Amino acid sequence: MRVAPPIAAAGLLAVTLLTPTAAGAASGGTTHACSASVDVDAFSDALDKTTFDGVYVGNLSALAVDRDGRIAALSDRSSLFSLDARTLRPVGVVALADENGAALDSEGLVVDRDGTRLVTSEVEPSIRRYSRAGKILGRLPVPDALRVAPAGRATTNLTFEGLTLEPGGRTLVASMEGALSGDDADLVRFQTWRRQAYGRDFRLSAQYGYRVDSGLGVSDITATPDGRLLVLERGFTAGVGNTIRLYLADPRHATDVGRTEHLTAGPGVRLIGKSLLADLGDCPSLGATAKQPQPNPLLDNIEGITITGRAPGGGLRLLLVSDDNQGSQQITRLYSLTVRLPRG
């Protein structure tokens, strides 16, 4: 198994590119471009099939920059790792649980300004607030319709997959992975919560519709500095592999559909606008290898994304992670990308 060079810190977090020779050989040229807007800078398999303090380092579904500059990496098996910002190696791990001490299917992660963690579970679904030590501090309200049937109209494991906090810290956004029963199959809902000021409780706020590409679901979201969203759409076809697309989405002019029982793309409903930044299958492979068929061996089950800082020239540095599902045919892989956003 090939291990790429480590990703290193500079400022908040920057990235060490593969050497020009290695990058050129891997991509057939000297470019790292996936599209006109996105470059893949490096990848690392160094965490794949490893343990830390006796805990399996895998099943990673979300990333966030912690207040100390480290990277918080959430496992969907109730573990929250802290990764060194320079080496991206684990330096700590905290166990998470629900109010009864049971394990979580934890999928989305936000680190709030005070360092507390907001963590989604896609089973109920739920959003719980945890201390840095893993103590439950509270729980956010969830609309009845977004609850898993029979309590609501959602399907278990297709609920709150992504979570992000908008600039300013007042608006929290959770993305549903799949559609509600009765909604169009390609329309998913993004739920928001608002607080009047930092330190206040989040209260239910607007809800928006978002159209996913056919056969794909939303695996994670992260807010850009100007209030738009980067959205990861993901799918898998047996014998073919993963489809991973990165979109720029703008909810600012979308219709609030919180009172819309059956969401369809009819008159009067303005969905979240989106534009494709890159299909990651078009990225240079950088010499990556895959353990199962993939349209590009660089790809795997990419589930998490976070913005780690600014790149020279005004772009944004992104860090992505794949969820290996603790399986022999999948890889825990970290990716560093640079994205240049069009003006909003």
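Reading guide: rules and limits
- Residues numbered from 1 in each chain as written.
- Predicted model: local features only at pLDDT ≥ 70, side-chain atom pairs only at ≥ 80, totals over all residues.
- Heavy atoms only, no water.
- Helix = DSSP H or I, 4+ residues; strand = E, 2+ residues; numbered from the N terminus.
- Rg over C-alpha atoms; globule rule 2.2 N^0.38 Å.
- Buried < 20%, exposed > 50% of the residue type's maximum accessible area, 1.4 Å probe, protein only.
- Contact = heavy atoms within 4.5 Å.
- Areas by Shrake-Rupley, 256 points an atom, 1.4 Å probe, with all protein chains shown as cover.
- Lys, Arg positive; Asp, Glu negative; His and termini not counted.
- Charge placed at Lys NZ, Arg CZ, Asp CG, Glu CD.
- Disulfide = S-S within 2.5 Å.
- Pairing = 2+ DSSP bridges.
- Axes fitted to C-alpha atoms, helices over the stretch in contact; angles between N-to-C directions.
- Salt bridge = Lys/Arg side-chain N within 4 Å of Asp/Glu carboxyl O.
- Phe/Tyr/Trp six-rings, centres within 6.5 Å; stacked < 30°, edge-to-face > 60°.

Once that is clear, we can look at the overall build of the chain. Helix and strand counts for the chain come out as one helix and 22 strands. For 344 residues, the compact-globule estimate of 2.2 N^0.38 gives 20 Å, and the C-alpha radius of gyration of the chain, at 19 Å, lies within 12% of that figure. For the C-alpha atoms alone, the extent of the chain along its principal axes is close to 55 × 45 × 40 Å. Split into buried and exposed, the 344 residues of the chain put 58% on the buried side. Relative to all contacts within the chain whose residues are 6 or more apart in sequence, the contacts with residues 24 or more apart total 56%. Total accessible area on the chain stands at roughly 13,800 Å², and carbon and sulfur atoms take up 50% of it. Distance between charge centroids for the chain: 6 Å, based on 36 positive and 38 negative side chains.

Two cysteines whose sulfur atoms are joined by a covalent bond form what is called a disulfide. On inspection of all chains with the given rule, the structure shows one disulfide. Here C34 is linked by a disulfide to C283, with a sulfur-sulfur distance of 2.0 Å. Classification of the bridge connecting C34 and C283 rests on its S-S torsion, roughly 105 degrees, and on that basis the disulfide is right-handed. With C34 in the loop between α1 (20–27) and β1 (38–44) and C283 in the loop between β19 (273–279) and β20 (302–310), the pair connects residues that are 249 residues apart, well separated along the chain. For the pair shown, C34 and C283 are each scored as buried.

On to the sheet that holds strand β13 (residues 171–176), then. Sheet architecture is open: four strands sit in the order β12-β13-β14-β15, paired in antiparallel fashion. Each edge of the open sheet is held by one strand with a lone partner, namely β12 (160–165) and β15 (203–211). In this sheet, adjacent strand axes meet at a mean angle of 20 degrees when their direction is disregarded. In this structure, β12 lies alongside β13, joined through five bridges in antiparallel fashion. Looking at the pairing, F160 lines up with M176 of β13.

Quick look at the pattern of salt bridges now. With the rule as written, the count across this model stands at 29 salt bridges. A salt bridge links D66 to R132, with the nearest nitrogen and oxygen atoms 3.1 Å apart. Note that D66 is positioned in the loop between β4 (60–65) and β5 (71–75) and R132 in the loop between β10 (126–130) and β11 (136–139), a separation of 66 residues in sequence. A salt bridge links R245 to D213; its shortest N-O distance comes to 2.9 Å. Placement of the pair is R245 in strand β18 (residues 241–250) and D213 in the loop between β15 and β16 (217–223), with a sequence separation of 32 residues. For R245, a relative accessible area of 24% translates into the label partly exposed.

A word on the pairing of β12. Within β12, six of the six residues are buried, leaving the element largely enclosed by the surrounding structure. Between β12 and β13, which pair antiparallel one after the other, the connecting turn spans five residues, and G168 there sits at a positive phi close to 95 degrees.

Turning our eyes to something else, we now look at the sheet that holds β18. Across the sheet, which stays open at both edges, the four strands sit in the order β16-β17-β18-β19 with antiparallel pairing between neighbours. Strand pairing shows two members of the sheet lacking a second neighbour, β16 and β19, which therefore form its edges. On average, adjacent strands in this sheet sit at an angle of 30 degrees to one another, irrespective of strand direction. Bridge count for β16 against strand β17 (residues 229–237) is six bridges, and the pairing is antiparallel. Bridge pairing in β17 places D220 opposite L232.

What follows is about the packing of aromatic side chains. The final tally for this structure, using the stated rule, is two aromatic pairs. Consider the rings of F160 and W193, whose centres lie 5.9 Å apart with planes at 80 degrees: the pair is edge-to-face. Linking F160 in strand β12 with W193 in strand β14 (residues 187–194), this pair joins segments that are 33 residues apart in sequence. The pair formed by F160 and W193 is uniform in burial state, with each residue classed as buried.

Spatial relationships are all this shows, so hold off on functional conclusions.
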